[in-house]
Every structure is written in structure tokens, then in C-alpha cells.
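# A structural walkthrough
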Amino acid sequence: MGVTTVTDVRPAHAGTDGGVLHTLFRSEQGGHEQVALCQDRASGLKAVIAIHSTALGPALGGTRFHAYASEEEAVLDALNLSRGMSYKNALAGLDHGGGKAVIIGDPDLIKTEELLLAYGRFVGSLGGRYVTACDVGTYVADMDVIARTNKWTTGRSPQNGGAGDSSVLTAYGVFQGMRASAQHAWGDPTLRGRKVGIAGVGKVGHLLVEHLLNDGAEVVITDVRADSMERVRAKYPQVTAVAGTEALIRTEGLDVYAPCALGGALSDESLPVLTAKVVCGAANNQLAHPGVEKDLSDRGILYAPDYVVNAGGVIQVADELHGFDFDRCKTKAAKIFDTTLAIFARAKVDGIPPAAAADRLAEQRMAEARHA
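Residues numbered from 1 in each chain as written. Predicted model: local features only at pLDDT ≥ 70, side-chain atom pairs only at ≥ 80, totals over all residues. Heavy atoms only, no water.

### Some details on empty space enclosed by the protein
Taken as a whole, this structure holds 1 cavity of 30 Å³ or more when the rule is applied. Quantified by volume, the largest cavity comes out at close to 60 Å³. What lines the largest cavity is Asn80, Leu81, Gly84, Met85, Lys88, Lys100, Asn284, Asn285, Asp306 and Tyr307. Among the elements of the structure, α2 (71-91) and α11 (306-309) are those that each provide at least two residues to the lining of the largest cavity. Considered class by class, the residues forming the lining of the largest cavity number 3 nonpolar, 4 polar and 3 charged. (1 Å grid on protein atoms, 1.4 Å probe; cavity = no way out; pocket = protein on both sides within 12 Å on 5 of 7 lines; lining within 4 Å. Points joined across faces, edges and corners; volume = space filled by probe spheres on them. Helix = DSSP H or I, 4+ residues; strand = E, 2+ residues; numbered from the N terminus. Nonpolar A, V, L, I, M, F, W, Y, C, P; charged D, E, K, R; others polar.)

Here is the structure:
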């Protein structure tokens with residue numbers, strides 16, 4: 001295994017590359033403490049771990065396994081996701097900084113035990129600065145394999161000392177954030193009688209469907225995988241399925257849009273045709289670029305910051321490090337309701353979008369930890 005590490009990537013003068021290097025050294029999206037690249041030719045592993053901050057403690061974040069269009073795109077995704085984890089962990093009240101890993105390639109084609117073991121050695125080489133867990137393309141069974149070569153892997157199966165699938169509390173936390181959004185928007189913390197559109201009914205989205213139906217919501221779904229939609233429709237025939245996100249966001253009478261797949265759902269193209277008045281979903285990095293949060297606010301659309309409402313899963317995996325207790329985790333995840341309301345209140349007082357208010361609160365906690 002070959003590992004290349006770049007530490008304290010914050011100099012004021014560092015090249016003129018407009019892509020990855022610019023993000024690392026010059027843009028506001030940078031400021032990462034460490035970025036590690038790994039290649040294991042024997043297994044075909046190509047991976048990136050980005051550690052954004054350890055101000056609050058060891059960086060914690062999942063491993064995404066995805067067929068990126070380019071290596072640069074993979075690195076940029078790791079940078080953005082790890083930064084988001086710093087903010088998510090801060091607002092979740094965890095003693096962890098933010099990190100994220102990506103494995104480059106189609107998991108359906110290249111995922112093997114040898115590759116996962118090599119990746120586990122990669123995580124171990126960082127000596128505990130980064131703690132990993134599941135993300136898109138990785139599952140509990142994968143974490144069990146990865147954990148065989150390092151002791152900083154969470155999201156393992158109960159049989160292997162872990163907490164199991166973190167999607168359970170992720171969906172629960174998103175539902176709490178959605179209840180808070182309903183409270184702020186309509187004065188009642190329930191989705192009863194509301195039409196909610198879910199884009200992506202995979203690990204988290206299909207669990208969110210159940211919470212919403214139990215609360216009395218009308219649910220519309222879409223997914224790039226027909227089998228995922230068929231699974232939901234087979235269990236809940238009252239759910240409506242539409243062909244694609246474009247159709248979903250244009251749905252007449254939609255009250256809430258819940259992006260629960262990959263990032264970038266809120267863009268210059270989607271906002272003008274979005275019919276929902278609230279956006280609250282599980283996907284990371286929903287804002288396609290800086291400034292989208294203001295566009296949402298200008299259109300009167302309430303945005304519940306993604307890294308706030310989807311923190312249930314990271315609350316669960318963090319607890320695993322100390323002896324997992326589901327009831328304790330669920331109690332912590334329920335507080336996402338209060339945190340989301342506090343962010344809306346701060347946004348109103350400061351005259352800023354909720355995403356900016358959330359950032360301020362997270363940055364305040366990290367700054368206090370650095371100066372403690």
C-alpha cells in the first residue's frame with residue numbers, strides 16, 4: 001500500500017491550480033488539516049481520506065464508494081464531505097472533528113474482501129486521527145471486513161461489537177428536522193396532511209417513508225433504481241412513484257422536498273421549478289454552490305440544513321466507540337428537532353438564511369474548542 005499525506009494544507013501561497021489545489025489552499029471550502037491518498041495495486045484500491053478538523057476530537061465520517069468521473073472529482077467530493085462532517089459533528093454535540101473517505105470505483109464491479117482489507121490498513125495508518133463508518137456504497141458487512149485491519153471502524157454489525165445500520169437513526173433525525181420545519185413553516189410539528197416528495201429511497205429514504213406515513217403524510221417517491229421504488233411500493237401501496245427527480249420537484253401541491261440521494265440537489269436549474277415550500281432531506285451537500293441558500297430564502301423556501309438534520313447516523317456510530325446504547329442515541333437524535341428550531345430562530349434574528357446560521361453556530365463551537 002502506498003500512502004501520500006499532505007498535512008496542514010493552509011499556506012497563503014500554494015500554486016495556481018484552479019481545481020483541487022485551489023480548494024485546498026485558497027478557497028473558503030479548504031482549510032483541511034490533512035489529505036491522504038492511497039493506492040493498492042494488488043486489490044485495485046484507490047482511495048482518499050480528507051481530515052478537515054480535529055478541533056473537537058478525532059475526525060469522524062463515513063466511507064463513500066462511488067464510480068467518480070475523475071480522480072479530481074473524487075478528491076473534491078472528499079474535501080466537501082469532510083468539511084460538512086466538521087459542521088455536522090459540531091452541531092450534533094459530538095466530541096469529534098470532521099473527516100470523510102472516498103473509494104474510487106463502481107462497488108458492484110470492484111468491491112472485494114482484499115480491497116476492503118487494504119482500505120482498512122489505510123485507515124489504520126492514520127493512527128486514530130480518522131474514524132470511519134458507512135456511507136453511500138458501503139454497508140455494515142463492509143465495515144466488519146474493514147475493522148479486521150484497524151481499530152477505528154464503526155458502523156459494524158452487533159455480532160462484531162457494533163451498532164448495526166446507522167440509517168435507522170439517520171432517518172429518524174431527518175424526520176425530527178422535518179417536524180421542526182413544519183413547526184416553523186405552518187405552526188404545527190406534524191406532517192399530517194402534507195405532501196412530501198422523497199428523492200432516493202435507498203438506505204435512509206425508505207425508512208423515512210415509514211415515519212412520514214405513520215405521521216399521516218402523503219408520500220411521493222422517485223429513485224434511479226426501479227427495484228428500490230418497487231420495494232417501497234410493495235410494502236406501502238399508498239405511496240405514489242414518479243419517473244425522476246424532475247417530475248418529483250414539479251409535483252403539484254408538494255409541501256416538502258426531501259433529497260435523500262447524492263448531493264447538489266438544490267441548483268440553479270432545480271430551484272425555479274421546485275414547488276415545495278420546505279426542503280429537508282438526508283443527502284449531504286444539497287446546495288450545488290454557495291449562494292443557493294440565499295436563492296432559497298428569496299423564494300420563500302425554508303431550507304433545513306442537511307448536515308443538521310441528517311446527523312442521527314453519526315450520533316449512532318460515535319456512540320459505538322463508547323459502548324453502544326440505542327435508547328441513549330435515539331434521545332440524542334431527538335434533539336435534532338430542537339437544534340433545527342434554534343437555527344431557524346437564529347436565522348430570523350440575524351437576518352440570514354438558515355444554512356448560514358447553522359454554519360455560524362458550528363464555527364463558534366469549533367473556535368471555542370481551539371481556544372480552550
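### Digging into helix α14 (residues 336-350)
Given a rise of 1.5 Å per residue, 15 residues ought to cover 21 Å, and the 21 Å separating the end C-alpha atoms of α14 matches this to within 8%. Regarding α14, the residues found buried are Ile336, Phe337, Thr340, Ile343, Phe344 and Ala347. The buried residues of α14 occupy one face: seen down the axis, they fall within an arc of 130 degrees. Backbone geometry just after α14 places glycine 351 at a positive phi near 70 degrees. (Expected span 1.5 Å × (residues − 1). Buried < 20%, exposed > 50% of the residue type's maximum accessible area, 1.4 Å probe, protein only. Arc of directions from axis to C-beta.)

### Details of the side chain of glutamate 320
For glutamate 320, the position within the fold is in helix α12 (residues 312-320). For glutamate 320, a relative accessible area of 5% gives the class buried. Of the polar contacts made by the side chain of glutamate 320, one reaches the backbone nitrogen of glycine 155; its length is 2.9 Å. Of note is the side chain of glutamate 320, whose polar atom sits 3.0 Å from the side chain of arginine 156. (Polar contact = N/O pair within 3.5 Å; in protein donor to acceptor, adjacent residues only side chain to side chain.)

### Quick word on unusual backbone geometry
Unusually for a residue other than glycine, asparagine 285 sits at a positive phi of about 50 degrees. Position of asparagine 285 among the secondary structure elements: in the loop between β12 (278-279) and α10 (292-298). Look at asparagine 285 and you get partly exposed, because its relative accessible area is 27%.

None of this, on its own, says anything about what the molecule does.
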